[in-house]
Amino acid sequence: MLGSPGHSDPDPGPNGRLIVAGSNNPIDKLKDAALDALKDPKGAAAKAVEQAKGTAAIGRMVVGQVGRVAFSRAGELAGEVLHRRPPERTPV
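Residues numbered from 1 in each chain as written. Predicted model: local features only at pLDDT ≥ 70, side-chain atom pairs only at ≥ 80, totals over all residues. Heavy atoms only, no water.

## Some thoughts on the overall build of the protein
Cut-off, in case you're wondering: Under the scheme used here, helices are H or I runs from DSSP no shorter than 4 residues and strands are E runs no shorter than 2 residues, and both carry numbers assigned from the N terminus. Residue exposure (1.4 Å probe, protein chains only): buried if accessible area is under 20% of the type maximum, exposed if over 50%, otherwise partly exposed. Computed by Shrake-Rupley with a 1.4 Å probe, the accessible areas treat only the displayed protein chains as cover when residues are assessed.
A count of helical and extended segments in the protein gives two helices and zero strands. Of all 92 residues assigned to the protein, the portion counted as buried reaches 2%. In the structure as shown, the protein presents an accessible area of about 8,700 Å², 64% of it carried by carbon and sulfur atoms.

Structure representation (C-alpha cells):
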C-alpha cells in the first residue's frame, strides 16, 4: 500500500506527474481489450453489449433533439408565412 511503512511512494515522472499503469495510447487500449477478450470472452462480450446500448441511447437522444429543433423551426416558419401580408396589387 502506498505511504505505508516499508513501501516507498512512487517517484513522479519527468513532467512531475505520477506514472500510472494503463495508457491513453489507442494501440495499448486495443491490445488490452484484445487480451481481456481472450481471458474472459463472456465478460468482453457483455462490455461490448453495454457499450453498444450506451451508443444507441446517445443516438436516440441526438435524433430526438434534432427532431424537436426541426419541428420547432417548422412551426416558426409556418407562423411567419401565415402572418405575411399579401402583396398589394396595383390596378391595371
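From this point, the narrative continues.
## Quick look at the pattern of salt bridges
Operational definition: By definition here, a salt bridge exists when the distance from a side-chain nitrogen of Lys or Arg to a carboxyl oxygen of Asp or Glu is within 4 Å.
As enumerated under the stated definition, the model contains two salt bridges in all. A salt bridge links Glu-50 to Lys-53; its shortest N-O distance comes to 3.7 Å. Note that Glu-50 and Lys-53 are positioned in helix H2 (residues 41-82) at a spacing of three residues, about one turn of the helix. In this structure, Arg-73 and Glu-76 form a salt bridge, with 3.0 Å as the shortest nitrogen-oxygen distance. Remark: Glu-76 and Arg-73 occur in helix H2; sequence separation between them is three residues, near one turn of the helix. The exposure class assigned to Arg-73 is partly exposed, which follows from its relative accessible area of 40%.

## Section: a nonpolar patch on the surface
Basically, it comes down to this: Patch membership requires more than 30% relative accessible area and the absence of a salt bridge. Residues of like charge join within 9 Å; the nonpolar side chains Val, Leu, Ile, Met, Phe, Trp and Tyr join within 5 Å.
A cluster of nonpolar side chains, namely Ile-58, Met-61, Val-62 and Val-66, defines an oily patch on the protein surface of about 390 Å² accessible area. Along the polypeptide, Val-66 turns up in helix H2.

That's the geometry; what it means functionally is another story.
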